[in-house]
Amino acid sequence: MQKGSFSLTTSFQVFYMRLTLLGLCFLYFSLVAGAQAECPVQLNPRRAVVRYGDSVAVTCNTSVLHQGMGWEASEGGVPKTTNQNLITWNVSKLTEWDIKPFCFINYKIGDSAPCQVELPVTVYKTPDSVSISTVDHSGPMMEGEQYKLQCDVHDVAPVQYLAVKWYKGQTLLDQTTFTDTSVTPVNETVTLLIRPDRADDGAQYRCEAELDLGAEGPQPHPTNSSKPLNVEVYYKPQHSSSTETIIKDDEVILDCTVKANPAPRYTWRSDHLKEQISSSVLKSSTLSPGNYTCTATNTQGSDSKVFIVESTGISISFMNHSGPMIVGKQYELLCFIQNVNSSKIVAVRWHKLSLNNSTGIFNTSVSNTSKLQISPNKTDDGAQYRCEAELEAGGPQRYMSSEQLSITVYYKPIINVTKLPSKVPVFRGYTEVLVCEAEGNPKPTISWTPNDIAYNEALTISESTPENVYCTANNSVGLTTIQIKVVLKEDYLPLIAGLIAVIVAFISVIFIFIYSIYYKTAKMGHYSLKDAKPSPQHIAQNGKHNPIPMKKLSQSNILA
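None of these values were measured; they are calculated from a predicted model.

About the criteria used
Residues numbered from 1 in each chain as written. Predicted model: local features only at pLDDT ≥ 70, side-chain atom pairs only at ≥ 80, totals over all residues. Heavy atoms only, no water. Salt bridge = Lys/Arg side-chain N within 4 Å of Asp/Glu carboxyl O. Helix = DSSP H or I, 4+ residues; strand = E, 2+ residues; numbered from the N terminus. Buried < 20%, exposed > 50% of the residue type's maximum accessible area, 1.4 Å probe, protein only. Disulfide = S-S within 2.5 Å. Core = buried A, V, L, I, M, F, W, Y, C linked by side-chain atoms within 4.5 Å. Contact = heavy atoms within 4.5 Å. Phe/Tyr/Trp six-rings, centres within 6.5 Å; stacked < 30°, edge-to-face > 60°.

(A) Representation of the pattern of salt bridges within the structure. Scanning all chains against the criterion turns up 14 salt bridges. Of the charged contacts, one joins Glu216 and Arg47 as a salt bridge, the two residues approaching to 2.8 Å between their closest N and O atoms. Of this pair, Glu216 sits in the loop between strand 16 (204-211) and strand 17 (223-225) while Arg47 sits in the loop between strand 1 (42-44) and strand 2 (48-51), placing them 169 residues apart in sequence. Classification of Glu216 by relative accessible area gives partly exposed; the value is 41%. For the salt bridge of Arg386 with Glu388, the shortest nitrogen-to-oxygen distance reads 3.7 Å. Each of Lys125, Asp128 and Asp155 takes part in one network of salt bridges that share partners.

(B) Here's a closer look at unusual backbone geometry. For the peptide bond that leads from Asn44 to Pro45, omega is -5 degrees, which places it in the cis range. Within the secondary structure layout, Pro45 lies in the loop between strand 1 and strand 2. For the peptide bond that leads from Asn441 to Pro442, omega is 5 degrees, which places it in the cis range. Within the secondary structure, Pro442 sits in the loop between strand 38 (438-441) and strand 39 (445-449).

(C) Region of the structure containing the state of the cysteines. In total, this model carries 6 disulfides according to the counting rule given. Residue pairing for Cys39: its cysteine sulfur links by disulfide to Cys115, the two sulfurs lying 1.7 Å apart. Between Cys39 and Cys115 the disulfide shows an S-S torsion of about 65 degrees. By sign, it is right-handed. A residue pair is termed long-range when its members are at least 10 positions apart, and Cys39 in the loop between helix 1 (2-37) and strand 1 and Cys115 in strand 8 (residues 115-118) qualify at 76 residues. Residue Cys39 shares its accessibility class with Cys115, and that shared class is buried. At a sulfur-sulfur separation of 1.9 Å, the disulfide partner of Cys436 is Cys471. Taking the sign of the S-S torsion, about -85 degrees here, the bridge from Cys436 to Cys471 comes out left-handed.

(D) Just the nonpolar core, in detail. Formed by 29 residues in total, the largest nonpolar core has its most connected members in Leu149, Leu162 and Trp166. Secondary-structure elements contributing two or more residues to this core are strand 10 (129-134), strand 12 (147-156), strand 13 (162-168), strand 15 (186-194) and strand 16. A total of 5 residues in this core trace back to one element, the largest contributor, which is strand 12. For Leu162, the contacting residues outside a window of four places in its chain are Val156, Thr176, Thr177, Phe178, Glu188, Ala209, Glu210 and Leu211. Formed by 25 residues, the second largest nonpolar core is a distinct cluster that contains Cys39, Val41, Ala48 and Trp71.

(E) Seen up close, the environment of Val487. Secondary-structure assignment places Val487 in strand 42 (residues 479-489). The exposure class of Val487 is partly exposed, given its relative accessible area of 28%. It is 5.9 Å that separates the C-alpha atoms of Val487 and Val426, two residues lying 61 residues apart in sequence. Once you skip the residues sitting within four places of it in the chain, Val487 turns out to touch Val424, Pro425 and Val426.

(F) Just the packing of aromatic side chains, in detail. Inspection of the entire model under this criterion finds 3 aromatic pairs. Note on Tyr52 and Trp97: the rings are 4.3 Å apart at their centroids and 10 degrees apart in plane angle, and the pair reads as stacked. With Tyr52 in the loop between strand 2 and strand 3 (56-61) and Trp97 in the loop between strand 6 (86-91) and strand 7 (102-107), this residue pair connects regions lying 45 residues apart in the sequence. On the basis of an interplanar angle of 35 degrees and a centroid distance of 5.6 Å, the ring pair of Trp268 and Phe307 is categorised as tilted.

Written out as C-alpha cells, the structure reads:
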C-alpha cells in the first residue's frame, strides 16, 4: 500500500516537471518570435515637434540583449554601441525640414537581421506675418452689398497643420484647413465673403493663423493674428414706427432722431410750420395740433415719420392748403373746438394781428367747427390769426383760445419806377448806369433785355445800346417788365471848351504885344559923357581896364 502511493506521487512530479519545461520552452520561443516580429526598442518621445532652428533630444532604449544599437540621421547621428541600452539623438539647432532619423538594434541571439524604428519629426515655423484686407474695395461698405475679405499668411510650415480662422469681434465666423503635404514654408491666401448690415457698422474683422501640431506640439497652439479691420457701413435711416400720436400738454416734444450712416439731415413739413426746421427734435410749448411729418435723409436714402399732435382745446389750420398764400386768391381757415359741447359755445371770434399791431375781430357761426374766408394782400405777409371760443358752463363765462397761425403771402414783383425813368439820355462817348429795383415775395430776380447776361439790378448803357431796353423782375408768382427808351445826344461841351481856349490864347497874345510896346517906350533910359572927368584911379594902368563912371542925364540935360 505504501509502495503504490509512492509510485503515484513520483509519476505526478515527473509530469509536472515535463509540463514546466514545456512551458519554459514555449515562453522562450514566444519571446524570440515576438522580438523578431517587433523591434524591441522604445523612443521617448515617440514623435518630435521642433521649431525650426531649435534644439531636439529623443532617447532610444531597449531591455533585450543586443550586438549593437545606434541612431541614423542626417543631423545628430549616433554611432553603433554595444555596451549601452539607452542612447540619445540630440541636435542643438535643427535646420533640416524633412529629416527622418531612426534608431536601430542588432539582436545577439541567432543571426537575425537588425531592426529599426523611425522617429516622426515635425519641423514647424510660425508665419512671418498675417494680414487682412478688402478685395477690390476701399472706403465705407454699403448695407446689403457683398464684399470679399482676404487673409494673407506669409511663410508658414507645415501647411497641413495650419488652420486660418475668421473672427468678427470675438465670434468665430469660419475657418479653413489645408491638405498640402509640403513640409517647407509656403504662403497661403484665404478669402471670406460678407454681406454687412447696419449692425456691422464699427465691427472689427480679423483672421488668425493657428498651427495645431498635436499633443506633442506646444500648448496652447501657436497663433498669429492680423491687425483688426475696422468696417464702416453706410445705411439709410429707418424709424421703428411710421406714425406716433402725441397728446398736447404744456410742452410738446417730437423726437425724430434715427440712427443712420452718414448722419442724416432732418426736414419737417406741416401746415403749422412757417420756418424750415433742420433739428431732429421739435420742441415747443405753442405747437399747434395737427400732423407733422419728419423726413431723415442721407446718401443711402430717406425715411419719414408722421407725428399726430392732438389737443383737448382749440386748433386752427388751413382748409385744403399748405405753404404760402398768393395775393388775390381766396383761402379758408378752420377753427376746431375739441371736447366741448356745442350747446356751451356762446360765440366764436377770429382775431387778426398784423405787423402794424392792429387787431381785427370777426364773429362767425357758433359750433364746434368755425371757418373764416380770407383774401390776403401783400401787407398781410407775417400776419397772425387765432380763434377764440366764449363758453358758458352754468356759471361765469370762460374763454378758450387757439394758438397763433402765422401766414406767408407771396406776390408778384413791383418795379420801383421812381429810380428808373422811362427815358434816359446818353451822350455820345459816355455811359450811364440804370438801376432796376423791385420788391416781391419771394425776392425777385432782375434781368435785362436784350442784354440777357445782366442778371442783376444795374445795367451799364452806352451809345451802342439799342434804343429800347427792358427790365424784367421775376419770381415764382409772376413777372413784371417795363420799357426804358435810350435817347442818344451829342456832347458839345468839348467843342465849346476848345473855342474858349482859343479865345483866351488870342487875348493873351494881344496883351503881351501891347505890354512889350509900353515897356520899350516908358522904361528905356538915356546917358551923357559931358563933364565926365576921369579920376586918376579910373585911368587905365599897366594895360588894365578900369571902368569910367557914367552920369545919368536928366531930360533937361539932353535938351540943353
